[in-house]
Amino acid sequence: AFCPPRVPRCRCRRIMMFRSTAVSQVARRALLRPAAAPAVWQAPAPLARRAFAAAAVGRKPKHEDGTLEGRYATALFMASGDKLEKVYADMAGLRSMMAESKDFKLLVETPGIDPESKVAALETICKKMGAEASLINFLKVLIENKRMAKLGRIVDLFEVFYRAEKGLVPCKVTSAAPLTDAQQKAVKAAMEKRAEKGAQLLMEYTVSPAIMGGLVVKMGEAVLDNSVASRLERMQTQLLVPLS
């Protein structure tokens, strides 16, 4: 499985300690604060939006996605510039915190929280984890546009863009029983011959007895199904076709 860019061990330890305590505390305070009436919040978001739009002038991602989430992910990608590695690591960190902290997940996905409180909480969390300023501005834009609940999908698409930029291709291999090291190496070598020149495969091996035998390989968007279950299904379909 693919892992985000490595960070110094001491920084990892600080991030993990922060996640286990302060993330939930900061998020919980924002969740418990009563929401203000819409007219009360004089949002700094237009300034954040203008600043972020001005920054989003870099190169477009190699992979395109026309969905709403894809357009937001594209804007962040273009604003990342030469700090793409760091922004990607920060985005992966946000996704991990959403998985680890129920309070943080609620903070991100609950629309009724006072926007000013949400901005303050996210700024505190992002600064503690050492996030890039472009990411903090991006989160403010999401809050202003009431799109914060889509952050999870935006992170996933940003990862797709990052992998495409770096020539990283996910390759998931499913077998009925665990493959030996030699078999895994043979499968990887075979798939590298099919991949585009210069691509780096991110191999993942899983087991599913339901396929009965053979392999199912998903490389990028392509699926190669040579499982016994699929072959039997095709054979059954052919047998059910009336003879002419």
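You'll find the structure just up there.
This write-up is about the structure you can find in this document. (Residues numbered from 1 in each chain as written. Predicted model: local features only at pLDDT ≥ 70, side-chain atom pairs only at ≥ 80, totals over all residues. Heavy atoms only, no water.)

Digging into helix α5 (residues 102–109)
Next, step 1: All buried positions along α5 are accounted for by D103, F104, L107 and V108. For α5, the angular spread of the buried residues around the axis is 135°, confining them to a single face. (Buried < 20%, exposed > 50% of the residue type's maximum accessible area, 1.4 Å probe, protein only. Helix = DSSP H or I, 4+ residues; strand = E, 2+ residues; numbered from the N terminus. Arc of directions from axis to C-beta.)

Brief notes about the sheet that holds strand β1 (residues 168–175)
Next, step 1: Pairing is mixed across the open sheet formed by four strands, whose spatial order is β2-β1-β3-β4. On the outer flanks of this sheet lie β2 (200–207) and β4 (222–225), each paired with one strand and no other. In this sheet, neighbouring strand axes are inclined to one another by 15° on average, regardless of whether the strands run parallel or antiparallel.
Next, step 2: Pairing geometry for β1 and β2, over eight bridges, is parallel. (Pairing = 2+ DSSP bridges. Axes fitted to C-alpha atoms, helices over the stretch in contact; angles between N-to-C directions.)

Here we look at the packing of aromatic side chains
Next, step 1: Scanning all chains against the criterion turns up four aromatic pairs.
Next, step 2: A ring pair is formed by F77 and F161, whose centres lie 6.3 Å apart and whose planes are at 85°; its orientation type is edge-to-face. Pair noted here: F77 is in helix α3 (residues 68–80) and F161 is in helix α8 (residues 151–166), with a separation of 84 residues, a long-range link. F161 shares its class with F77; the two are buried. (Phe/Tyr/Trp six-rings, centres within 6.5 Å; stacked < 30°, edge-to-face > 60°.)

Here's the deal with the pattern of salt bridges
Next, step 1: Summed over all chains, the structure comprises 10 salt bridges.
Next, step 2: A salt bridge links E69 to K150; its shortest N-O distance comes to 3.6 Å. Taken as a pair, E69 in helix α3 and K150 in the loop between α7 (133–144) and α8 lie far apart in primary sequence, 81 residues in all.
Next, step 3: Of the charged contacts, one joins K105 and E109 as a salt bridge, the two residues approaching to 2.9 Å between their closest N and O atoms. Linking K105 with E109, this pair stays in helix α5, spanning four residues, or about one helical turn.
Next, step 4: Through salt bridges with shared partners, one network takes in R95, D156, E159 and R163. (Salt bridge = Lys/Arg side-chain N within 4 Å of Asp/Glu carboxyl O.)

As for the nonpolar core
Next, step 1: Within the largest apolar cluster, 39 residues are counted, with the highest numbers of intra-cluster contacts made by F104, L139 and L151.
Next, step 2: Among the elements of the structure, α3, α4 (84–100), α5, α6 (115–128), α7 and α8 are those that each provide at least two residues to this core.
Next, step 3: Membership of the second largest hydrophobic core comes to 10 residues, among which are V187, M191, L201 and M219. (Core = buried A, V, L, I, M, F, W, Y, C linked by side-chain atoms within 4.5 Å.)

Digging into a nonpolar patch on the surface
Next, step 1: A surface patch of nonpolar side chains, about 440 Å² in accessible area, is lined by M212, L232, M235 and L239.
Next, step 2: Mapped onto the elements of the fold, L232 is located in helix α10 (residues 228–240). (Patch = residues over 30% accessible without salt bridge, like charges linked within 9 Å, V, L, I, M, F, W, Y side chains within 5 Å. Areas by Shrake-Rupley, 256 points an atom, 1.4 Å probe, with all protein chains shown as cover.)

A closer look at α3
Next, step 1: Over its 13 residues, α3 extends 19 Å from the first C-alpha to the last, a length consistent with the 18 Å expected when each residue adds 1.5 Å.
Next, step 2: Summarising burial for α3: 10 of the 13 residues are buried, a large majority.
Next, step 3: Every buried residue belonging to α3 is among E69, G70, Y72, A73, T74, L76, F77, M78, A79 and S80, and all of these are buried.
Next, step 4: Just beyond α3, the residue with positive phi is G81, at close to 55°. (Expected span 1.5 Å × (residues − 1).)

What to know about the packing of α3 against α7
Next, step 1: As a packed pair, α3 and α7 sit with axes 10 Å apart at the nearest point and diverge in direction by 155°. Here α3 is positioned roughly antiparallel relative to α7, judged by the angle of their axes. Of the two possible hands of crossing, α3 and α7 adopt the one that is right-handed. Listed contacts from α7 to Y72, L76 and A79 of α3 are S134, L135, F138, V141 and L142.
Next, step 2: In terms of residue class, the contact of α3 with α7 is built from seven nonpolar, one polar and no charged. (Parallel < 35°, antiparallel > 145°, perpendicular 65-115°, else oblique. Left-handed = near helix turned anticlockwise from the far one by under 90°. Contact = heavy atoms within 4.5 Å. Nonpolar A, V, L, I, M, F, W, Y, C, P; charged D, E, K, R; others polar.)

By themselves these figures say nothing about function.
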